[in-house]
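Residues per chain, in single letters:
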Amino acid sequence: NDALRQEARVYLGYLAFREGDTSTLRALEEAAKANQSRSGRWGETHFHRALLAILDQTPDKVFDYLRAAKQDLPDNAAVRVLFASQLRQRGDQRGALETLENVKGLMSHWAPCVLGKAVALHALGESKQSLNLLSRMHQRGIYTKESLQLFRDTAYTTEHATEGELVQTLLETQFPDQADVR
């Protein structure tokens, strides 16, 4: 099934991006180009181009590539997570939140999606909602350094200092060699 292969390539591209693996991204971009000639859809190609542009530090077209990818792949959580990140960078926290709230099903619980919503909520002054989202994710045993740091910082600003201190201890235990957790 072409649609399933396309979804797999998009998520593989996201993972390669997180690892900084440009050679895999370039191979996926080539596979996407071959697929687009059959399907007439460019979303996957735009997505991989956006990831490469971010890694190559040539950000001028990233937003346009991701917007085009989102138009062609509207239900893809990886596309939405990165598009929302671009919206947040442009100061559009509400747009980022709306983009991520439209992720449905299992992927709405995916750590990058939950973290993106929590960051946007925090920036919009909805710190308690942000804390609740992160808390539910962490209770399921899913966390990232960034989610723990946001939880810690938000806990301190919402009068949950005890929880903030516990998370700080966890950060120092889980990421002992990283200065940014202290």
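As a reminder, the structure under discussion sits directly above these lines.
Let me sum up the structure you'll find in this document. What you see is a predicted model, and the numbers here were worked out from it, not measured in a lab.

1. A word on the overall build of the protein chain
Right, on to step 1. Across its full length, the protein chain holds 10 helices and zero strands.
Right, on to step 2. Listing each helix as α and each strand as β along the protein chain from the N terminus yields α-α-α-α-α-α-α-α-α-α.
Right, on to step 3. In terms of overall dimensions, the protein chain is globule-like: its C-alpha atoms have a radius of gyration of 18 Å, near the 16 Å expected for 182 residues.
Right, on to step 4. Within the protein chain, contacts between residues at least 6 apart in sequence are counted, and of these 47% link residues at least 24 apart.
Right, on to step 5. With an accessible surface of roughly 9700 Å², the protein chain has 49% of that area assigned to carbon and sulfur atoms.

2. Brief notes about the side chain of Ser130
Right, on to step 1. Tracing the sequence through the fold places Ser130 in helix H8 (residues 127–139).
Right, on to step 2. Judged by its relative accessible area of 0%, Ser130 is buried.
Right, on to step 3. Of the polar contacts made by the side chain of Ser130, one reaches the backbone oxygen of Ala118; its length is 2.9 Å.
Right, on to step 4. The residues touching Ser130, leaving out its near neighbours within four places in the chain, are Ala118, Leu121, His122, Leu150 and Thr154.

3. Observations regarding the layout of surface pockets
Right, on to step 1. Each pocket or cavity is described by its volume, and for the largest pocket that value is around 600 Å³.
Right, on to step 2. If you go around the largest pocket, you meet 27 residues; those closest to its centre are Phe17, Arg18, Leu82, Ser85 and Arg88.
Right, on to step 3. Secondary structure elements with two or more residues in the lining of the largest pocket: helix H1 (2–19), helix H3 (43–55), helix H4 (62–72), helix H5 (77–89) and helix H7 (111–123).
Right, on to step 4. Of all the elements, H5 adds the most residues to the lining of the largest pocket, at six residues.
Right, on to step 5. For the lining of the largest pocket, the residue count by class is 15 nonpolar, seven polar and five charged.

4. Considering the packing of aromatic side chains
Right, on to step 1. Summed over all chains, the structure comprises four aromatic pairs.
Right, on to step 2. Geometrically, the ring pair formed by Tyr11 and Trp110 is edge-to-face, given 6.0 Å between the ring centres and 80 degrees between the ring planes. One end of the pair, Tyr11, is in helix H1; the other, Trp110, is in the loop between helix H6 (93–101) and H7, and 99 residues separate them in sequence.
Right, on to step 3. The cationic tip of Arg90 hangs over the ring face of Phe63; the distance from NZ or CZ to the ring centre is 3.6 Å.

5. Overview of the packing of H8 against helix H9 (residues 145–157)
Right, on to step 1. For the pair H8 and H9, interaxial distance at closest approach is 10 Å and the crossing angle is 140 degrees. With respect to H9, the element H8 is oriented oblique. Considering how the two elements wind past one another, H8 and H9 form a crossing that is left-handed. Across from Ser127, Ser130, Leu131, Leu134, Ser135, Met137 and His138 in H8, the residues of H9 making contact are Ser147, Leu148, Leu150, Phe151, Thr154 and Ala155.

6. As for the nonpolar core
Right, on to step 1. Phe47, Leu66 and Leu82 are the most contacted members of the largest nonpolar core, which totals 27 residues.
Right, on to step 2. Secondary structure elements with two or more residues in this core: H1, H3, H4, H5 and H6.

7. Digging into H5
Right, on to step 1. Taking 1.5 Å of rise per residue, the 13 residues of H5 would be expected to cover 18 Å, and the 18 Å separating its terminal C-alpha atoms lies within 8% of that figure.
Right, on to step 2. Summarising burial for H5: 12 of the 13 residues are buried, a large majority.
Right, on to step 3. As for H5, its buried residues are in contact with H1, H3, H4, H6 and H7.
Right, on to step 4. Phi turns positive, to about 90 degrees, at Gly91, one or two residues after H5.

Procedures and definitions
Residues numbered from 1 in each chain as written. Predicted model: local features only at pLDDT ≥ 70, side-chain atom pairs only at ≥ 80, totals over all residues. Heavy atoms only, no water. Helix = DSSP H or I, 4+ residues; strand = E, 2+ residues; numbered from the N terminus. Rg over C-alpha atoms; globule rule 2.2 N^0.38 Å. Contact = heavy atoms within 4.5 Å. Areas by Shrake-Rupley, 256 points an atom, 1.4 Å probe, with all protein chains shown as cover. Buried < 20%, exposed > 50% of the residue type's maximum accessible area, 1.4 Å probe, protein only. Polar contact = N/O pair within 3.5 Å; in protein donor to acceptor, adjacent residues only side chain to side chain. 1 Å grid on protein atoms, 1.4 Å probe; cavity = no way out; pocket = protein on both sides within 12 Å on 5 of 7 lines; lining within 4 Å. Points joined across faces, edges and corners; volume = space filled by probe spheres on them. Nonpolar A, V, L, I, M, F, W, Y, C, P; charged D, E, K, R; others polar. Phe/Tyr/Trp six-rings, centres within 6.5 Å; stacked < 30°, edge-to-face > 60°. Lys NZ or Arg CZ within 6 Å of the ring centre and 35° of its normal. Axes fitted to C-alpha atoms, helices over the stretch in contact; angles between N-to-C directions. Parallel < 35°, antiparallel > 145°, perpendicular 65-115°, else oblique. Left-handed = near helix turned anticlockwise from the far one by under 90°. Core = buried A, V, L, I, M, F, W, Y, C linked by side-chain atoms within 4.5 Å. Expected span 1.5 Å × (residues − 1).

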